[in-house]
Amino acid sequence: MTTEVFCRTSPSLALVKYWGKKSTRHNLPATPSLAVTLGGVHTETRVRIADIDTVRLNGELLTLDRFTPLFDSLRRAAGRKVRFQVESSNDFPSSAGLASSSSGFAALTVACARILELELSPAQLSAFARSASASAARSLFGGFTLLPAGGFAAEQLYGPEYWPELRILVVLVSREAKPISSRAAMEATRLSSPYYHAWLRNAGQLLDPALRALETRDISALGSVVRLSYSRMHAALLASSPPVLYWLPNSVAILRECQRLRDEGIDAWETMDAGPQVKVLCLASEVAAVSERLQAVDPRLKIIVASVGEGPVCQVGER
Ligand code: PMV
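Small disclaimer: the values here were computed from a predicted structure and weren't measured. (Residues numbered from 1 in each chain as written. Predicted model: local features only at pLDDT ≥ 70, side-chain atom pairs only at ≥ 80, totals over all residues. Heavy atoms only, no water.)

Note: most residues except glycine have negative phi, and most peptide bonds are trans. Of the consecutive residues Ser 241 and Pro 242, the connecting peptide bond is found in the cis state with omega at -5 degrees. Here Pro 242 is to be found in the loop between helix 7 (219-238) and helix 8 (249-263). One non-glycine residue, Asn 58, adopts positive backbone phi at about 50 degrees. Not every positive phi belongs to a glycine, and Glu 117 is a case in point at roughly 60 degrees. (Helix = DSSP H or I, 4+ residues; strand = E, 2+ residues; numbered from the N terminus.)

Here we take up the site of the ligand. Taken together, 13 residues are adjacent to the ligand, and Tyr 18, Ser 101, Ser 133, Ser 135 and Arg 138 come closest. For the ligand, whose free accessible area comes to 380 Å², the fraction covered by protein is 95%. (Near = heavy atom within 4 Å. Areas by Shrake-Rupley, 256 points an atom, 1.4 Å probe, with all protein chains shown as cover.)

Before going further, it helps to examine the packing of aromatic side chains. Considering all chains together, one arrives at eight aromatic pairs under this definition. Look at Phe 144 and Trp 163: their rings are 6.3 Å apart centre to centre, the planes differ by 35 degrees, and that puts the pair in the tilted class. Here the residue Phe 144 occupies a position in strand 10 (residues 144-147), and Trp 163 occupies one in the loop between strand 11 (155-158) and strand 12 (166-172), the gap between them amounting to 19 residues. Across the pair, Trp 163 and Phe 144 agree in class, each one buried. Pairwise contacts between aromatic rings join Phe 67, Phe 71, Phe 84 and Phe 105 into one cluster. Here the guanidinium or amino end of Arg 217 rests over the ring plane of Tyr 162, the centre of that ring lying 4.4 Å away. The ring of Trp 269 is capped by Arg 262, whose NZ or CZ atom sits 4.4 Å from the centre of that ring. (Phe/Tyr/Trp six-rings, centres within 6.5 Å; stacked < 30°, edge-to-face > 60°. Buried < 20%, exposed > 50% of the residue type's maximum accessible area, 1.4 Å probe, protein only. Lys NZ or Arg CZ within 6 Å of the ring centre and 35° of its normal.)

Within this structure, the stated rule accounts for 13 salt bridges. Two residues, Asp 53 and Arg 75, come together in a salt bridge whose shortest N-O distance is 2.9 Å. Taken together, the residues span a long stretch of sequence, with Asp 53 in the loop between strand 6 (43-50) and strand 7 (54-57) and Arg 75 in helix 1 (residues 68-78) at a distance of 22 residues. Judged by relative accessible area, Asp 53 falls into the buried class, the value being 12%. (Salt bridge = Lys/Arg side-chain N within 4 Å of Asp/Glu carboxyl O.)

For the rest of this paragraph, the subject is the sheet that holds strand 16 (residues 313-318). Taken in spatial order, the six strands of this open sheet run 8-7-9-6-1-16, and their pairing is mixed. Of all strands in the sheet, those bounded by a partner on one side alone are strand 8 (60-61) and strand 16. Here helix 2 (residues 100-115) sits on the sheet and contacts strand 1 (3-9), strand 6, strand 9 (83-90) and strand 16; the angle it forms with strand 6, its principal contact strand, is near 35 degrees. (Pairing = 2+ DSSP bridges. Contact = heavy atoms within 4.5 Å. Axes fitted to C-alpha atoms, helices over the stretch in contact; angles between N-to-C directions.)

Next up on the list: the packing of helix 2 against helix 3 (residues 122-132). Running from N to C, helix 2 and helix 3 point in directions that differ by 130 degrees, and their axes come no closer than 9 Å. Our classification of the angle between helix 2 and helix 3 gives oblique. Between helix 2 and helix 3 lies a crossing whose hand is right-handed. The segment helix 2 lies against helix 3, with Phe 105, Ala 106, Thr 109, Val 110 and Ala 113 engaging Leu 125, Phe 128, Ala 129 and Ala 132. Looking at the contact of helix 2 with helix 3 residue by residue, the class counts come to eight nonpolar, one polar and no charged. (Parallel < 35°, antiparallel > 145°, perpendicular 65-115°, else oblique. Left-handed = near helix turned anticlockwise from the far one by under 90°. Nonpolar A, V, L, I, M, F, W, Y, C, P; charged D, E, K, R; others polar.)

Turning our attention to the nonpolar core. Ranked by size, the top nonpolar core spans 47 residues in total, and within it Trp 19, Val 47, Phe 71, Leu 74, Phe 84 and Leu 108 carry the most contacts. Listing elements by their share of this core, those giving two or more residues are strand 1, helix 1, strand 9, helix 2, helix 3, helix 4 (182-192), helix 5 (196-203) and helix 7. Top element by residues in this core is helix 2. It accounts for nine residues. Here Phe 71 is in contact with Asp 53, Val 55, Leu 64, Phe 84, Val 86, Leu 108 and Cys 112, once residues within four sequence places are set aside. (Core = buried A, V, L, I, M, F, W, Y, C linked by side-chain atoms within 4.5 Å.)

Shown next, in the form of structure tokens:
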């Protein structure tokens, strides 16, 4: 009989984006991020003790370079030299700008810590997850989360029950892996975008209005800050040399349709990350109208309707 730990997490979608690192060595974010954990989309990870470290994602063996530092720091914390056999799967496309690294590294951290019998607080787990992927620090919690600039761990601001009417339509524009990882693109922005410093100066200023809008659950006030945050992040990316452009024609078509919906008085506020997918905030009462219009942009697009999700769920079993 082998002990196996199972952990299920959900991706963290930034409403106010983190982009850029204060410290590359410690993977500390240069800008604060405010995020919502997406309910209805999941990463499931199973970890067992083995002779060598292996990580499979959706059945495919991955190289270990992004995993070994996290494994090593957890092993050091536990004072144990064990190796991990990891099998992970996403019920949404991986490495395509859908924050699979947030849910993936959060699930991995929780599962490995549990199998090592490490007694860690959520904040400590969040800090371990952050060292591998800053957005993963936020996936340690459900609801609405904040990861401060330079912060080691994220915190939960509101639980999943805080805004039950909020929906996030995830529009899958492409299933292909993104052309450049968020890590490499952040570094390219820092090194070559003349707008990077302007982005850093401005990004923090978007946090307060976003927090105020969240406090009153005002979707149009929140949406207008969400739109500024992703637009300015992508403007900085586009000014890199060579330019980094994640958008595809259908991404732009969806953004335009959101604008048309808003012109008609329907709150549909989009955001984008390091990939071509578009996520659209709206209220439950308008999901049918908004998804019908977005689907009409291209009938081939898949649209996932997410709500505000829960934090990690973990189980220990025998196999
Ligand atoms: O945590 P990373 O390295 O996958 O970067 C995430 C970057 C964005 O998704 C674009 C923004 C964010 O705050 O999640």
